[in-house]
Amino acid sequence: MVKRKIPITIVGNRALVFDLPDIKILREEYHVLGVLSGTLPVAPQQSIFLSVPLQLSIEEVLYLVAMGRAYLIHEKQVTHQFFETWTDEDTEKYLNKLWEGHKKDIKQKQREIFEKRHFFLQKTKKKQQRNKQKTEGLQSDIGKEEGISNHDLLAEESQKEIEVDSSNINLIFYKTEDSSRGLSNYDWLVEIIQHSDGFQRRMLFGYIKNHLINKYNGVVDVSHLEIDNLIYDTIDNAVAVGTAGVDLEKLRHRCDRLISSVRFIQSIHSRAETSQYYVLPGLKFGSKFVVYPGDPLRYHSHHIVNFFNWDEEIDLMRFVNGGRLAVGVKKLWVVSGIKPKEKIKDAESSSNSATEEIDGFINALFDGNGDKEVVNFSVEWAGFG
Amino acid sequence: MSKFNKKRLLSIYKNPLPIDLIYDNDITFVIPQVVAHNPVSWIFFASSYLKNCLEISGQLINNTGKVHQSIDNSSQKIVVKVSDHDVFKVEIEIGTPESDAIKLWKNGFFGKGILSRSEPTWYERTERRLHLKDQYSEKDLTSEEITALRRNERKKFKQLRESYENQQLELERQISAIIDRQKIVSTKKEMLEMENDLKRIQRELEDLKLLSQQNQDFRAFQSSHKVKLYEYAGPLRPDDNALIINDPTISDKDKRKLMQLEYLQLMPVEAFFLQLALDKVKVFPETTGSNELSTLELFQRCVDSYYSSTTPMSRLAGNEKFLLDYAVYHHYRSHGWCVRSGVKFGVDFLLYEKGPPISHAQYCLHVVENSGKNMEDFVEYSSLNRVIGGVRKTLVFVCVDVPSVSTFQKIMEKIAIEKDITEQQKLWKKLLNQYNITEMVYRRWVPSRNRD
Amino acid sequence: MIDEDDLLLEEFTQGKSSIPSEKNPGEEDEDQLDDEIQDWGSFLKASNIQISGLTPQSHIVPKRGDKGFEPTANNYDNLLLQNKRDIMYATIGNSSRGHHHKNHVEAFWSADASSNEGEEQYAVVPKPKGSAFNSMGIPSSQRHIFLNFEEILYLVERGSVDCYLIGNTKDASEQKALPMNLQMCYSAFLKSSEDYDMFYVYSYLKRYGYVVRRATEDIKRPPTVNNKKRGPGLSTTFWNIMFKKPLLTVGSIFYKLLGAPLLAVLPKLRVLLSRYSWSTLYESLYATSYGTVLDYENFKAVDTSKFKIVYNLWKPNNHQKANTPPDFQVIIVNTNLTSLPTVDEIKSIFKKCYDHDRILIAILDNGMLNFIKPTSSNVGGKNAYLEGIKKQLKRKRNNNKSNSNRGGRSNKGSRGGKGRK
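Residues numbered from 1 in each chain as written. Chains lettered and ligands numbered in written order. Predicted model: local features only at pLDDT ≥ 70, side-chain atom pairs only at ≥ 80, totals over all residues. Heavy atoms only, no water.

Quick look at helix H11 (residues 321-334) of chain B
Residues and elements named next belong to chain B.
Thinking step 1. In a regular helix each residue adds 1.5 Å, so 14 residues correspond to 20 Å; H11 covers 20 Å between its end C-alpha atoms and thus fits that length.
Thinking step 2. Taken across its 14 residues, H11 has 13 buried, putting it largely inside the fold.
Thinking step 3. Of the residues trailing H11, Gly336 is marked for its positive phi of about 80°. (Helix = DSSP H or I, 4+ residues; strand = E, 2+ residues; numbered from the N terminus. Expected span 1.5 Å × (residues − 1). Buried < 20%, exposed > 50% of the residue type's maximum accessible area, 1.4 Å probe, protein only.)

Written as C-alpha cells, this is what we have:
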C-alpha cells in the first residue's frame, strides 16, 4: 500500500478525514483508527455503525503530524478559493460527468435486469434439456451449443441499451461524493498547502490553541478565539488576542497532559514489540486510552491507560477504581507519564505568554527523541483472602 | 438467600445502633382520626394521645440541645485505642460470649476486622485451617471461605477451558500451514487433497468450538466437580505454630488455644460518631499515657488522620476532608442508614438499608465540597460510573456546603472553652447544623430505550 | 455471614456484568463492559442489507470469526482480519449517499452570506418533497423551507438532499452554482466547535427517530396543580380544633413547666424517656441540614450560560400538534470545554426550565456521546430504619387482615428470595 501524507480537514476545530482510501492507510499503515461519525446511508436509523467522515482526536492528529504522516487543511479557505475559481465550464463538465455516470448506471441496471431474465431462461432451458437427455441420452454437445447461443443473445441485447430511454430517467442517481479529491482545482490547491510550511505551522498553532484555550475551561476569559482569526491574520496579531487573561499555570498543565499522550503513542509505535499495537480513546472504560495488540476488529484490548504529570499527586481512590475496572474487563490498568529532562528546564521553563507556551509545545512535539522519556507502570489488583 | 435465612439474619441484626433501648417498641406515629360519632375511635385516640405525649416530652427534653446522653458513664462504654498512626482499634476478646467489638459489629456494622473482609472472622477461620476445631458444616463457613472455595472451582474450570483453546490454536496452525502449501503446489490431485484436508480441519474446529461452548456453563461444572477446603492436615508451618499458645494449664477442651491477632478497626468518622452522638466509647491513645481523649481532642486526632502532619486548631478552615466526611456520615447514620467505607468501590461511603449480610448496598456516596470549582474530570466520573453500575448500585454525589471560616472558628473556640458537657453538646450540634448536604444523581439515558 | 457486596464484587471481578445485555447487534447496548468494537458482518446479516461489490466469503474463511487474544504469526489469522476489514470498507465505500430522480430535492447555500458574524445562516429548499420536512425547517410564505445548518447537513449526509453553493461571480454579473460534496458541506455549514457539537447531537438523535428542534425560547412551566387530598371531614376538624390541639398544647406546656425541671433532676428518668424508642433516639441525633437538587423553588439562581438548553426533543410519535410540550430538553456539554455542572448550576437550570424531569445533558468526548439525566434519589431525606419498620408493620397488619378474612394460610408477600445462599 502506498504510504503517503494524509490530508486532515479542520472543521469547527475538529480533525476529519473524508476519503476512504486515506482511512484505509491510516488504519493499516499508521495504526490510527479514529471514530467514524457520519450517517451510514444504507442503515440511517442507528448510530453504532457509522460512515465517513472519520473523526480524529487531537492526540492522533499531533502524532501523525509530528511523524510527518499527515498535513492539515483549513477546508473553509480551500473551498472559498476553489469556489472563486470555479467557472461555468467547470459546471458543464461536472454535470456531464454526472450524466455519464448516470448513463453508466442505467446501463448497469439494464444489464442486471437482463442477466436475471437470462439466468431464469437458462435454468428453464437446462431443465428441458435434462428431460430430453433422459429420453435421448445426449450430453456434451448441447452444452457447447448453448454457450454460443447465449453469447449471441447478450450481444443483441447490449446493442439495444445504448440509446438512453427517457423513461429510464428515474434510474438516475444523484450522488453526493464524500470528498473533493479528484476535482481538478482542488487537488492543486491542496498540493500547495501541503508543502507550505508556514501555513502548516499556523494551522497547527491555531488548532492546538483552540483546543487548549477556550471559553469555559477556565484557562482564559476571552470569548472569541476562532481559528479563522489566525488564518487571515499573522501570528503576531494572534499573540495580542491570546494573552489577555490567560492562566499560564493551567495552560502548562494541559500542555503537559497533551504531550504525555502524544509521546505515549509515539513510543508504542516506535518499539518493535509494540509496533503492531493500536491506541484508541478510552472514554468508555473511564480512561484516556485503550491499547489493542492488533486491529480492534479482531482482537481484545489488554491495557487501559491514564496519564499523570510527573509530580502530580494521584488520589489512592483512583488506583482502587482503576484496578477494579481493569480487572472487571480483564485488562491491565496502566499509569503513564513523561520523565522531565534535567535541571536545564528551570532556566527556560517560564514562558511569558500563551503564544510562547504553545510555540514551545509545538517545538517539543517535533523533537525526535521525545518518546524516550515515556515511563509506564501497570497496576494490578493483588487482593487477599 | 432463602426466606428463612433472611428472617434469621434480620433478627440477629435487629438493632441499627449499639444503644440499649429501655422500651424497645416499634410504634407507629399516626394519631388516628377521631370520628365524632364513633365512641370507639375516642378510646383509640386517647391511648395513642397518651403514648405520643410521652414521646413528645422525650423529644422536648432532647431538643433542649443535647445530642444524646447515656445513663451511666463508666461501665457500658467500649474501649477504643488509637495508635500513633491514627488507627482506631477495638480489641476482640476470645472466650467472652459477645465481646465489645462484636457488639459494635452486630449493632450497626461498625468497623472492620483487619484480617477479614468485613466481619472479624480470622480466629474462627484459622482454628478451622489449623484443624484445632472439630467437624464443621458448610453453612458455618464464612464469606472468606466460600469465596476461596469458589475460586478453587473457577481455577479448575479455567484449566479445562485453556486446554480447549490450545487445541483450537493447534488446528488453526494446521490450516495456515495448508494454505501456505497450497500456494506452491500445482497438480490437481494435490489441490484436491488439500481442499479435503482443509474442510476436515474446518469441521473439527467447528466441533471443538461447539464442545467448548457446551462447557461454558460454570454452574453445571460446579455441580459435577466438588472441591474441598482445608484438605492438608500435615505438620504445621513454624509461622502457624507460633500462633498456638502452648499453656500446659489449659485443658484440651478449652477454646483459648490460638492467639488473637485480629482487632476491629474503626474509621475516624465512626469513632467520632460513637463518642459524640452515642457516647458509647472512650478513646485512649495506645502509647502515651492513659488519659481518655476528650471529644475535642478526639476531633483533632480525627482531622489529623487524613494528613501526615498536625494542623493546629486555629488554622482549620472547616472544609477539611474529615469534616465533610463526618457531616455526611452523621447525616446518614442519624437517618437510619448503615454507613460503611466505600474504598472497595473507590467511593467514600456505601449505604445499606439493613446491613451487608442482608442485602447489598443500594447507594454509593461520593462526597465533594460544593465550592465554585467545577465537578471533576469527566474521565474520572465515567470510570466511577462504570464500576458502580457494574455492581448494581446508584452513584450519589453528596455536595456539602461548608460554613465560612470565621463562623467555623467562632464555634470551635466556644467549644474549646466550654466545660459543661450539655452546653458543649449543643455547640457541636450547632456546628453540624452549619453543614448543608445536597444530593444529586446522574442517571444514564439511552435514546433507543426511551422512544416509546 | 455472607457479605452480599463481596459476592457482587467477586462477580464483577470475574468479568460478569450483572446487567443483562441484549444480544441484538443493531441495538445499542451501553452496558457492555467488554469491547464494543462492532461486528459489521453480523450487523449486515441481522439488518438484511445487501452490499454490492462485497465478494462472497471464500470457503477458506469460516463463517463465524471470533475475536483472538493477540495476533499470531500465521496467515489464517491475517485472512480473518482482512475479511473483517473488507466487510467494513465495502459497506462504507458502496453505501452511496444519494437519492433517485423521483425523490430529488435541491437545496442552496449562499457563499456570500458566510462572512456575517453572529448571524444565523440558513439553507433554502425551494421545492421540498417528502415527509422529512414535516418536522424540520422553517416554512416561508412561498412554500420554500429554510433549514438550520444542522438540519441541512444531516439531510445531505443521509443522502436525501442535493446541496449547491451559490454566489455571485467577482463582477456580480452571473451567479454560479457549485455542487457540494460532503467535505464542502461540513466546512461551509460548521463554523465553530459548538456548531460541530450541535450537529453531532442533532444527527445522533434524528437517527433514533426523535423530532429535534432548536429551543429558541424558554417554555413556560405550567402552573402547579394543587393536589387536593381528601381532608378530614367537618366533624373531625371541629374536634381537632376544639379539643386535640389545646390538649396537646396544654400537655406540652405542662411538661415544659413541671415535667422538664422534674426530669432534669432525675437523669435516669430523663434517659428513660429519651430511650423510649428508636424514633426518639433518631430525633435526638438530627443535626445536619439537607436538600436535593429538586429543592429549587426558593433557590437563588446562579449563572448558567454555559449550560443552555439547545434542543427540544419529541418522541417519534409524539409531535402531532404544534404545541405539545417537548418530551425532553437537551443541554450539550463538551468535556474539553467544561466539566459537569455543579449542584447550584443544576438547581438554577431546573428553576427556569419547563420540567426538571425532562432535562438531558449530552456529553461529548472525542466522538463518543453519552446522555445523562440529573435527578435526585432523596436518600437522606427520610429515615431508612423507621421507614423499614413502618413497612414491616404494614405488612403484618395486612397479613393479619387477610388471615382473619380468609381464615386460611396467609399469603405473605415475598420480598426476600434472591435465590442466593
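Brief notes about unusual backbone geometry
Thinking step 1. Residue Val52(A) is joined to Pro53(A) through a cis peptide bond whose omega torsion reads 5°.
Thinking step 2. We note that Lys330(A) has phi near 60°; this positive angle belongs to a residue other than glycine.
Thinking step 3. Tracing the sequence through the fold places Lys330(A) in the loop between helix H11 (316-328) and strand E10 (332-338).
Thinking step 4. One non-glycine residue with positive phi stands out, namely Asp86(B), at about 65°.

With respect to the environment of Ile23(A)
All names here are of chain A.
Thinking step 1. Its place among the elements puts Ile23 in helix H1 (residues 20-28).
Thinking step 2. Assessed through its relative accessible area of 6%, Ile23 is described here as buried.
Thinking step 3. Each residue touching Ile23, except ones within four places of it in the same chain, is listed here: Val17, Leu36, Val52 and Leu54. (Contact = heavy atoms within 4.5 Å.)

Brief notes about the interface of chain B and chain A
Thinking step 1. Contact with chain B, which involves 16 residues of that partner, is made by 15 residues of chain A.
Thinking step 2. Summing both partners gives a buried area of about 1,500 Å² for chain B against chain A, and 57% of it is carried by carbon and sulfur.
Thinking step 3. Applying the counting criterion to the chain B and chain A interface returns two residue pairs in polar contact (both at pLDDT 80 or more).
Thinking step 4. It is helix H12 (residues 378-390) of chain B that provides the largest number of residues to the side of chain B that touches chain A, a total of eight residues.
Thinking step 5. Tallied by class, the residues present in the side of chain B that touches chain A amount to eight nonpolar, four polar and four charged. (Buried area = accessible area lost by both parts, 1.4 Å probe. Polar contact = N/O pair within 3.5 Å; in protein donor to acceptor, adjacent residues only side chain to side chain. Nonpolar A, V, L, I, M, F, W, Y, C, P; charged D, E, K, R; others polar.)

Focus: the environment of Val339(B)
Residue and element names in this part refer to chain B.
Thinking step 1. Within the secondary structure, Val339 is located in strand E6 (residues 338-341).
Thinking step 2. By relative accessible area, which is 0% here, Val339 ends up buried.
Thinking step 3. For the pair Val339 and Ala277, spaced 62 residues apart in the sequence, the C-alpha separation amounts to 15 Å.

Description of the confidence of the model for chain B
Residues and elements named next belong to chain B.
Thinking step 1. The pLDDT averaged across chain B works out to 81; a share of 82% of its residues lies at or above 70.
Thinking step 2. In the predicted structure, residues 23-35 sits below a pLDDT of 50 and forms 37 contacts with residues beyond four places in sequence or in another chain.
Thinking step 3. Predicted confidence is poor over residues 63-75, with pLDDT under 50, and the contacts of this stretch with residues over four places away or in other chains come to 35 contacts. (pLDDT = per-residue confidence, 0-100.)

Thoughts on the nonpolar core
Inside soluble globular proteins, nonpolar side chains tend to come together where they are buried.
Thinking step 1. Formed by 136 residues in total, the largest nonpolar core has its most connected members in Ile8(A), Leu56(A), Ile152(C), Tyr186(C) and Phe189(C).
Thinking step 2. In terms of nonpolar packing, the next biggest core, distinct from the first, is built from 72 residues, Trp337(B), Met412(B), Ile415(B) and Val379(C) among them. (Core = buried A, V, L, I, M, F, W, Y, C linked by side-chain atoms within 4.5 Å.)

Considering the sheet that holds strand E4 (residues 263-266) of chain B
Residues and elements named next belong to chain B.
Thinking step 1. Taken together, the five strands give an open sheet; going across it, the order is E3-E4-E2-E1-E5, and neighbouring strands pair in mixed fashion. Of all strands in the sheet, those bounded by a partner on one side alone are strand E3 (112-113) and strand E5 (281-285).
Thinking step 2. Sheet topology note: the strand E1 (residues 78-82)/E5 ladder contains five bridges and is parallel. Each bridged residue has a counterpart across the sheet, and for Val80 the counterpart in E5 is Val283. (Pairing = 2+ DSSP bridges.)

A word on the pairing of strand E5 (residues 70-74) of chain A
Residue and element names in this part refer to chain A.
Thinking step 1. Within E5, five of the five residues are buried, which leaves it mostly tucked inside the rest of the structure.
Thinking step 2. In E5, alternate side chains face the same way, and those of Ala70, Leu72 and His74 on one face and Tyr71 and Ile73 on the other are all buried.
Thinking step 3. Where strand E1 (residues 6-11) lies against E5, five bridges are found, and the strand directions are parallel. If you follow Ile6 over to E5, its bridge partner there is Ala70.

Notes on the UniProt feature "active site" (unreviewed entry) in chain B
Thinking step 1. In the numbering used here, UniProt assigns the "active site" (unreviewed entry) feature to Tyr352(B), His360(B) and Lys393(B). For the residues just named, distributed over 42 residues, the greatest C-alpha separation is only 10.8 Å, placing them together at one site.
Thinking step 2. Along the chain, His360(B) turns up in the loop between strand E7 (349-352) and strand E8 (363-369).
Thinking step 3. Relative to the assigned elements, Lys393(B) resides in the loop between H12 and strand E9 (394-401).
Thinking step 4. Setting aside chain neighbours within four positions, we find Lys393(B) in contact with Phe345(B), His360(B), Ala361(B), Gln362(B), Cys364(B), Ile388(B), Asp5(C) and Leu8(C). (UniProt positions renumbered as here; feature names shortened; annotations may be inferred.)

Examining a positive patch on the surface
Thinking step 1. A cluster of basic residues, Lys354(B), Lys382(C), Lys391(C) and Arg395(C), forms a positive patch on the protein surface.
Thinking step 2. Its location among the elements puts Lys382(C) in the loop between strand E13 (368-375) and helix H11 (384-406). (Patch = residues over 30% accessible without salt bridge, like charges linked within 9 Å, V, L, I, M, F, W, Y side chains within 5 Å. Areas by Shrake-Rupley, 256 points an atom, 1.4 Å probe, with all protein chains shown as cover. Salt bridge = Lys/Arg side-chain N within 4 Å of Asp/Glu carboxyl O. Lys, Arg positive; Asp, Glu negative; His and termini not counted. Charge placed at Lys NZ, Arg CZ, Asp CG, Glu CD.)

Examining the domain arrangement of chain C
All names here are of chain C.
Thinking step 1. The assigned domain composition of chain C is domain 1 (4-94), domain 2 (101-190) and domain 3 (192-220 + 285-376).
Thinking step 2. Counting from both sides, the interface comprises 14 residues of domain 2 and, opposite them, 14 residues of domain 3.
Thinking step 3. Surface buried jointly by domain 2 and domain 3 totals about 1,300 Å² across both partners, of which 56% is contributed by carbon and sulfur atoms.
Thinking step 4. Here domain 2 and domain 3 share two salt bridges between them.
Thinking step 5. As a salt-bridge pair, Glu150 and Arg214 come within 2.9 Å of each other at their nearest N and O atoms.
Thinking step 6. Taken together, domain 2 and domain 3 are joined by four residue pairs in polar contact (both at pLDDT 80 or more).
Thinking step 7. Of all the secondary-structure elements, those providing two or more residues to the side of domain 2 that touches domain 3 are helix H4 (149-158) and helix H5 (182-189).
Thinking step 8. Here the residues of the side of domain 2 that touches domain 3 are counted per class, giving seven nonpolar, three polar and four charged. (Domains from an automatic or database assignment.)

Remarks on the pattern of salt bridges
Thinking step 1. Counted by the stated rule, this structure contains 34 salt bridges over all chains.
Thinking step 2. A salt bridge links Glu59(A) to Lys288(A), with the shortest nitrogen-to-oxygen separation between them at 3.1 Å. Placement of Glu59(A) in helix H2 (residues 58-66) and of Lys288(A) in the loop between strand E7 (278-281) and strand E8 (289-292) is noted, with a sequence separation of 229 residues between them.
Thinking step 3. When its relative accessible area of 3% is taken as the criterion, Glu59(A) is described as buried.
Thinking step 4. In this structure, the salt-bridge partner of Arg97(C) is Asp178(A), at a minimum N-O distance of 2.5 Å. Placement of Arg97(C) in the loop between helix H3 (75-94) and strand E1 (98-100) and of Asp178(A) in the loop between strand E6 (173-175) and helix H6 (184-195) is noted, with the two residues assigned to different chains.
Thinking step 5. Residue Arg97(C) is classed as buried on the basis of its relative accessible area, which comes to 2%.
Thinking step 6. For Asp178(A), a relative accessible area of 22% corresponds to the partly exposed category.

Section: the packing of aromatic side chains
Thinking step 1. In this structure the tally under the stated criterion is 40 aromatic pairs over all chains.
Thinking step 2. Ring plane angle 15° and centroid distance 4.0 Å describe the contact between Phe49(A) and Phe43(C), whose orientation is recorded as stacked. You can see Phe49(A) sitting in the loop between strand E3 (35-38) and strand E4 (51-56) and its partner Phe43(C) sitting in helix H2 (residues 40-46), one on each of two chains.
Thinking step 3. For Phe49(A), a relative accessible area of 2% puts it in the buried group.
Thinking step 4. Members of the aromatic cluster, each reached through a chain of ring pairs, are Phe272(B), Phe299(B), Tyr306(B), Phe322(B), Tyr326(B) and Trp428(B).
Thinking step 5. Across the ring face of Phe110(B), the terminal group of Arg333(B) is positioned such that the distance to the ring centre comes to 4.0 Å. (Phe/Tyr/Trp six-rings, centres within 6.5 Å; stacked < 30°, edge-to-face > 60°. Lys NZ or Arg CZ within 6 Å of the ring centre and 35° of its normal.)

Digging into the side chain of Ser284(C)
Thinking step 1. Note on placement: Ser284(C) falls in helix H9 (residues 278-285).
Thinking step 2. Among the polar contacts made by the side chain of Ser284(C), one reaches the main-chain carbonyl oxygen of Leu281(C) at a distance of 2.5 Å.

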